[in-house]
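# Examining the three-dimensional arrangement
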Amino acid sequence: MAPSSSVEQRVYQGIRYKLVRTRRRKTAAILIAPGGDVTVRVPQELDDGTIHGLLDKQHDRLMQAVSKQAGLPEPVVRSFDEGCTFPFLGQEHRLHFDTGASEELTLGSDGFHLRYREGVDAEATYQAAFRKFYTDHGRTYLAGRVHHFAPAVGVLPTATRVLHLGNRWGSCSPKGAVNFHWRAMMAPPKVVDYLVVHELAHLKQPDHSREFWRLVEQVIADHELCHEWLRAHGAEMDL
Ligand SMILES: [Zn+2]
């Protein structure tokens, strides 16, 4: 008689997990232990494509579990060297120097292209170029997400701004403007959406009361995971 279940260690997209196939099971489930261990329980015959599809759907949550598996990451020190990477909307992109580039900084399919500089102030120029890049892209992208989520939150924001906000990810003004740190553009889209909904919810509820979190949860059901992700990775989202 065949065993009623089988266990396999697997890795998919950097996520280590234990695959348990059970004949008794009719549905699939992904379980994450507090220590970050991931177990995927599936019916005996479920194919790999379907299993990977399930993992893709919970990607952010699983990535967060993976960060626990490996212990908290070291704070990243980003240096402006050929081949170093910089994040944009959750993806790391390699840095390339172009001597004759017409623009200070652009993002192409092979990574960031930064105009090469000589001299002692090169580092400061590079910093400024990246800040401007995140700010400029943030203006369009974040305004789009604000526009997208405002009806669900039930607010009418008057403006979306991208600024240097010190150690805060976002803020809002009594006149109805929502502000975001340029660093937010380094985070994955799901986390950015959470930051947007968080600030929009503040237009209704200025505090972090139960009503506030209920409102956030109505729009971003897994907001706690985004919050956790920021706690674990927020320090990396910097220059
Ligand atoms: Zn808040």
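Now for a description of the structure that goes with this document. In this text the structure is predicted, and so the values were computed from the model without any measurement.

Cut-off values and rules
- Per chain, residue numbering runs from 1 following the sequence as it is written.
- Owing to the predicted nature of the model, reporting of local features is limited to residues with pLDDT of at least 70; listing and counting of side-chain atom pairs is limited to 80 or more, with chain, interface and lining totals taken over all residues.
- The side-chain values count all of the structure's non-hydrogen atoms but skip hydrogen atoms and water molecules.
- For two strands to be treated as a pair, DSSP must find no fewer than two bridges joining them.
- Going along the chain from the N terminus, every DSSP run of H or I of four or more residues is numbered as a helix, and every run of E of two or more is numbered as a strand.
- Axis definition: a line fit to C-alpha positions, over the contact stretch in the case of helices; interaxial angles, taken between N-to-C directions, run 0 to 180 degrees.
- In this analysis, two residues are considered to be in contact whenever any of their non-hydrogen atoms come within 4.5 Å of each other.
- Put simply, a nonpolar core is a bunch of buried Ala, Val, Leu, Ile, Met, Phe, Trp, Tyr and Cys residues held in one set by side-chain atoms that sit within 4.5 Å of each other.
- Exposure is judged per residue with a 1.4 Å probe applied to protein chains only, and the accessible area is read against the type maximum: over 50% gives exposed, under 20% gives buried, and values in between give partly exposed.
- In this analysis a 1.4 Å probe is tested at points of a 1 Å grid over the protein atoms alone, and where it fits but cannot get out there is a cavity; an open set with protein on both sides within 12 Å along at least five of seven lines is a pocket; lining residues have an atom within 4 Å of a point.
- Grid points are joined across faces, edges and corners, and a volume is the space filled by probe spheres set on the points.
- Here a Phe, Tyr or Trp ring, Trp counted by its six-membered ring, pairs with any other such ring whose centre lies within 6.5 Å, and the pair is stacked when the planes are under 30 degrees apart, edge-to-face when over 60, and tilted otherwise.
- A ring has a charge above it when a Lys NZ or an Arg CZ is no more than 6 Å from the ring centre and no more than 35 degrees off the ring normal.
- Each polar contact in these results corresponds to two N or O atoms within 3.5 Å; when the atoms are within protein, one needs to be able to donate a hydrogen and the other to accept it, and residues that are neighboring in sequence are counted only if both atoms are side-chain atoms.

## Thoughts on the sheet that holds strand β10 (residues 170–172)
Taken together, three strands build an open sheet; the order of strands is β9-β11-β10 and the sheet is mixed. Either end of the sheet is taken by a strand with one partner, and the two such strands are β9 (159–163) and β10. Shown here is a sheet whose adjacent strand axes are inclined to one another by a mean of 20 degrees, direction ignored. Two strands pair when backbone bridges link them, and β10 and strand β11 (residues 177–181) are joined in this way by three bridges, in the antiparallel orientation. Along β11, the bridge assignment pairs Cys 172 with Val 178. Across the sheet, helix α3 (residues 122–153) lies against β9 and β11, angled at about 145 degrees from β9, the strand it touches most. Packed on one face of the sheet, helix α4 (residues 189–202) meets β10 and β11 and runs near 145 degrees to β11.

## A closer look at the nonpolar core
Taken as a class, soluble globular proteins show a tendency for nonpolar side chains to be buried jointly. Residues Phe 86, Phe 112, Leu 114, Phe 130, Tyr 134, Val 196 and Leu 200 are the most contacted members of the largest nonpolar core, which totals 46 residues. Broken down by secondary-structure element, the contributors of at least two residues to this core are β5 (85–88), β8 (111–115), α3, β11, α4, α5 (210–219) and α6 (223–233). If we skip the residues at most four places from it in the chain, Phe 112 touches Phe 86, Phe 88, His 93, Arg 94, Leu 95, His 96, Leu 105, Thr 106, Leu 107, Phe 130, Phe 133 and Tyr 134. With 12 residues, the next largest nonpolar core counts Tyr 17, Leu 19, Val 42 and Leu 55 among its residues.

## Description of empty space enclosed by the protein
For the coordinates displayed, the defined rule picks out one cavity of 30 Å³ or more. One number sums up the size of the largest cavity: a volume of about 60 Å³. Asp 60, Arg 61, Gln 64, Lys 190, Val 191, Asp 222, Leu 225, Cys 226 and Trp 229 together form the lining of the largest cavity. Secondary structure elements with two or more residues in the lining of the largest cavity: α2 (59–69), α4 and α6.

## Quick word on the sheet that holds strand β6 (residues 91–98)
Ordered in space as β5-β6-β8-β7, the four strands form an open sheet in which the pairing is mixed. Each having just a single partner strand, β5 and β7 (105–108) make up the two edges of the open sheet. Sheet twist, expressed as the mean angle between neighbouring strand axes with direction ignored, is 35 degrees. One ladder, built from four bridges, connects β6 with β8; its direction is parallel. Looking at β8, one finds that Leu 95 is bridged to Phe 112. Those strands touched by α3 are β5, β6, β7 and β8, and its axis lies near 130 degrees from that of β8.

## Brief notes about the packing of aromatic side chains
Inspection of the entire model under this criterion finds 14 aromatic pairs. Measuring from ring centre to ring centre gives 5.5 Å for Phe 80 and Tyr 126, while their planes differ by 50 degrees; the resulting arrangement is tilted. Here Phe 80 is found in the loop between α2 and β5, whereas its partner Tyr 126 is found in helix α3, with 46 residues between them in sequence. Accessibility expressed as a relative area gives 7% for Phe 80, which makes it buried. With centroids separated by 5.4 Å and ring planes inclined at 50 degrees, the aromatic side chains of Phe 97 and Tyr 126 adopt a geometry described as tilted. Residue Phe 97 is located in strand β6, and its partner Tyr 126 is located in helix α3; the two are separated by 29 residues in the primary sequence. Through pairs of rings, three or more aromatic residues link up here, namely Phe 80, Phe 86, Phe 88, Phe 97, Phe 112, Tyr 116, Tyr 126, Phe 130, Phe 133, Tyr 134 and Trp 182. The aromatic ring of Trp 169 is capped on one face by Arg 183, whose charged end is 4.6 Å from the ring centroid.

## What about the side chain of His 198?
Examined against the element boundaries, His 198 turns out to sit in helix α4. Taking relative accessible area as the criterion, His 198 reaches 11% and is therefore assigned buried. A polar contact is formed between the side chain of His 198 and the side chain of His 208, at a distance of 3.2 Å. Setting aside its immediate chain neighbours within four residues, His 198 contacts His 208, Phe 212, Trp 213 and Val 216.

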